[in-house]
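Given next are the chains, with one letter for each unit.
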Amino acid sequence: MLKRKSSGVQPTEITPRSVYLNRRAFMTGAAAAAIAGVLAPSEEAYADNRLTTVKSPLSLTGVQPTSLQDITHYNNFYEFGTNKDDPAREAYRLKTRPWTVSIEGKVQKPQKIDIDSLMKLRPLEERIYRFRCVEAWSMVIPWVGYSFSELIKEVQPLPEAKFVQFISLDDPNQMPGLRFSPISWPYSEGLRMDEAMHPLTLLTFGLYGEPLPNQDGAPVRIVVPWKYGFKSAKSIVKIKFVEKQPHTTWNDQGPNEYGFYSNVNPNKDHPRWSQKTERVIGASIFKQRQPTLMFNGYEDQVANLYTGMDLKKYY
Ligand SMILES: Nc1nc2c(c(=O)[nH]1)N[C@H]1C(S)=C(S)[C@@H](COP(=O)(O)O)O[C@H]1N2
Ligand SMILES: [Mo]
């Protein structure tokens, strides 16, 4: 990953709903859209858009979520550029309706599901999770979704399905970043079947009680809170059940830097930087770094998935 120096993220408070879309970024987007001949989303389109959610025992309590401003303006979404603020400026180009997710491979019920049906498959839960990027920064994000295992049960994988692959949209007409990046598109990620079945693995449709902002992976992404952020593919169009470990984008890019597992592990440094601590995005200047926890703090829930595995070898 192109790791850049901290670019002066200012301490922020939880952002009121009314300034969700930074007006300047919005105006830039609207102006750019006018030139490009496409419509930018109106601010009204984002209002009155609350999702009905239920509480979840899997949500963290007693933690302060990162501000909506930071969650939506400090992003990795290389399809829209490699700078942290590119997705907030460029992702209005993404058209999230109509949207179909194709479920393929070793399943009894392969199908193409419309995003709105997928969203209604199970009650949406609010789940506040820690989120740790491999670049040694972290956030706390109030996601909205349901356990991915619910979808797995619905489509009934065949016994030979051992892994799940997630594939993101790769449309150069909507995603300017596809043109100049060296990455092999589409973005591809994967999980072992037991990881995919773990209740913490969240099929994610929203955050802060509303549909996902485009820059965070609308209309649907996966979130795996005990793994580095790049495991969580955004704007998913294909979910494939496969026999063999699928290829993954960052592993293709640098196999000695990004493994298939990518469990958060403070004891296994990235070849170019330490993973022992993390920069807390939006924190006050006195609390900017904190120790990174094994499995990002989810050790009690997930360590049993890796019993007997050498996690320094299978990083
Ligand atoms: N399709 C796609 N998914 C992606 C990425 C990407 O570039 N493209 N970046 C990953 C990385 S490195 C991180 S840290 C998270 C960032 O999610 P966020 O911007 O919503 O915090 O998305 C992940 N999913
Ligand atoms: Mo990341």
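Here is a short report on the structure shown in this document. Quantities reported herein were computed from a predicted structural model and do not represent experimental measurements. (Residues numbered from 1 in each chain as written. Chains lettered and ligands numbered in written order. Predicted model: local features only at pLDDT ≥ 70, side-chain atom pairs only at ≥ 80, totals over all residues. Heavy atoms only, no water.)

## Structural notes on the overall build of the chain
Then, number 1: When helices and strands are counted, the chain shows 10 helices and 13 strands.
Then, number 2: With 315 residues in all, the chain has 55% of them scored as buried.
Then, number 3: Considering only intrachain contacts with a sequence separation of at least 6, the fraction spanning at least 24 residues in the chain is 73%.
Then, number 4: Put simply, the chain shows about 14,400 Å² of open surface, and 54% of that area lies on carbon and sulfur atoms. (Helix = DSSP H or I, 4+ residues; strand = E, 2+ residues; numbered from the N terminus. Buried < 20%, exposed > 50% of the residue type's maximum accessible area, 1.4 Å probe, protein only. Contact = heavy atoms within 4.5 Å. Areas by Shrake-Rupley, 256 points an atom, 1.4 Å probe, with all protein chains shown as cover.)

## As for the sheet that holds strand β6 (residues 163-168)
Then, number 1: The strand order β3-β2-β11-β6-β7 describes an open sheet built from five strands, whose pairing is mixed. At either end of the open sheet lies a strand with only one pairing partner, and these are β3 (111-114) and β7 (188-192). When strand polarity is set aside, the average angle formed by the axes of neighbouring strands in this sheet is 20°.
Then, number 2: Looking at chain direction, strand β2 (residues 100-105) and β3 are connected through four bridges and run antiparallel. Directly across from S102, in β3, lies its bridge partner K112.
Then, number 3: On the sheet, helix α6 (residues 148-155) packs against β2, β3, β6 and β11 (236-242) and is oriented at approximately 60° with respect to β11. (Pairing = 2+ DSSP bridges. Axes fitted to C-alpha atoms, helices over the stretch in contact; angles between N-to-C directions.)

## Observations concerning the site of ligand 1
Then, number 1: In the neighbourhood of ligand 1, 17 residues make up the surrounding shell, with E79, D216, R221, S232 and K234 lying closest.
Then, number 2: With respect to ligand 1, the side chain of S168 contributes an N or O atom lying 3.0 Å from a nitrogen atom.
Then, number 3: D216 has a polar side-chain atom sitting 2.8 Å from an oxygen atom of ligand 1.
Then, number 4: Protein burial of ligand 1: of its 540 Å² of free accessible surface, 99% is covered by the chains.
Then, number 5: Along the lines of polarity and charge, the residues of the shell around ligand 1 split into eight nonpolar, five polar and four charged. (Near = heavy atom within 4 Å. Polar contact = N/O pair within 3.5 Å; in protein donor to acceptor, adjacent residues only side chain to side chain. Nonpolar A, V, L, I, M, F, W, Y, C, P; charged D, E, K, R; others polar.)

## Some remarks on the pattern of salt bridges
Side-chain pairs of opposite charge can arise whenever the charged atoms involved come near each other.
Then, number 1: Following the criterion strictly, the structure yields 18 salt bridges and no others.
Then, number 2: When the shortest N-O distance is used, the salt bridge between D85 and R89 registers 3.5 Å.
Then, number 3: Here D85 falls in the partly exposed class, since its relative accessible area comes to 41%.
Then, number 4: Several salt bridges share partner residues, and in doing so they unite D85, D86, R89, E90 and R93 into one network. (Salt bridge = Lys/Arg side-chain N within 4 Å of Asp/Glu carboxyl O.)

## Let's talk about α6
Turn by turn, an α-helix covers 3.6 residues, leaving residues three or four places apart pointing in a common direction.
Then, number 1: For α6, the full list of buried residues reads F148, S149, L151, I152 and V155. Around the axis of α6, the buried residues are gathered within 155° of arc, so they sit on the same side.
Then, number 2: Downstream of α6 by one or two residues, Q156 has phi in the positive range, about 55°. (Arc of directions from axis to C-beta.)

## Some details on the environment of W185
Then, number 1: You can see W185 is positioned in the loop between α7 (177-180) and β7.
Then, number 2: As a C-alpha pair, W185 and S168 span 17 residues in sequence and 8.6 Å in three-dimensional space.
Then, number 3: Excluding anything up to four places from it in sequence, W185 contacts Y78, E79, D170, G177 and L178.

## Brief notes about the packing of aromatic side chains
Then, number 1: Under the criterion given, the structure shown has 15 aromatic pairs.
Then, number 2: Here Y146 and F205 contribute two aromatic rings whose centre-to-centre distance is 5.5 Å and whose plane-to-plane angle is 40°, an arrangement assigned as tilted. With Y146 in strand β5 (residues 137-147) and F205 in strand β8 (residues 202-207), the pair connects residues that are 59 residues apart, well separated along the chain. The burial state of Y146 is the same as that of F205; both residues are buried.
Then, number 3: With a centroid separation of 5.5 Å and an interplanar angle of 80°, the aromatic rings of F230 and Y258 are classed as edge-to-face. In this pair, F230 is assigned in the loop between β10 (221-223) and β11 and Y258 in the loop between α9 (249-253) and β12 (277-280), connecting sequence segments 28 residues apart. In terms of burial, F230 and Y258 fall into one category: buried.
Then, number 4: Members of the aromatic cluster, each reached through a chain of ring pairs, are F163, F260, Y261, F295, Y306 and Y314. (Phe/Tyr/Trp six-rings, centres within 6.5 Å; stacked < 30°, edge-to-face > 60°.)

Such coordinate-based values are descriptive only and should not be taken to indicate function.
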